[in-house]
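Read off the chains here:
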Amino acid sequence: TNRDDGRFLYVPCDADEQTRQATAAVERAFKDGITRQTVRLALVREGKSTMEDEEWPGGAREMYREAGRPLTEELLRMVRAQPPMKELSTDEADQKETENE
């Protein structure tokens, strides 16, 4: 196997790869207990490469409409993060049971 020991960062070349990589990172961080995250995505139109220079004559509105919103929606559709189950000690379980009575 080819191991780089974390010395190299793979940069995705299109929106699909970028979304898959971001989804995996969000899920790993969530699994590790990091529940507040900031995700930065390169604004790239569907079918275009992240390596191409992108022009946005419509400014911020066009950037949001053509890239920001679709990338964000796809990321949120793909993320499958389940909160970790917290184990309660016997004392905590008894206390919660008493509170609910």
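Residues numbered from 1 in each chain as written. Predicted model: local features only at pLDDT ≥ 70, side-chain atom pairs only at ≥ 80, totals over all residues. Heavy atoms only, no water.

Assigned secondary structure in the chain consists of 3 helices and 0 strands. For the chain, the sequential pattern of α-helices and β-strands runs α-α-α. By residue count, 20% of the 101 residues in the chain fall in the buried class. Taking all contacts inside the chain whose residues are at least 6 apart in sequence as the whole, residues at least 24 apart take part in 55%. (Helix = DSSP H or I, 4+ residues; strand = E, 2+ residues; numbered from the N terminus. Buried < 20%, exposed > 50% of the residue type's maximum accessible area, 1.4 Å probe, protein only. Contact = heavy atoms within 4.5 Å.)

To continue, consider the packing of aromatic side chains. By the definition in use, this model includes 0 aromatic pairs. Looking at Arg45, its charged tip hangs above the ring of Trp56, at a distance of 4.0 Å from the centre. (Phe/Tyr/Trp six-rings, centres within 6.5 Å; stacked < 30°, edge-to-face > 60°. Lys NZ or Arg CZ within 6 Å of the ring centre and 35° of its normal.)

A separate point is the pattern of salt bridges. Tallying each qualifying case throughout the model produces 5 salt bridges. In this structure, Arg69 and Glu73 form a salt bridge, with 2.8 Å as the shortest nitrogen-oxygen distance. In this pair, Arg69 and Glu73 both sit in helix 2 (residues 59-78), 4 residues apart, roughly one turn of the helix. The salt bridge partner of Glu74 is Arg77, with a shortest N-O separation of 3.1 Å. Of this pair, Glu74 and Arg77 both sit in helix 2, separated by 3 residues, roughly a single helical turn. If you follow the salt bridges from partner to partner, you end up with Arg45, Glu54 and Glu62 in one network. (Salt bridge = Lys/Arg side-chain N within 4 Å of Asp/Glu carboxyl O.)

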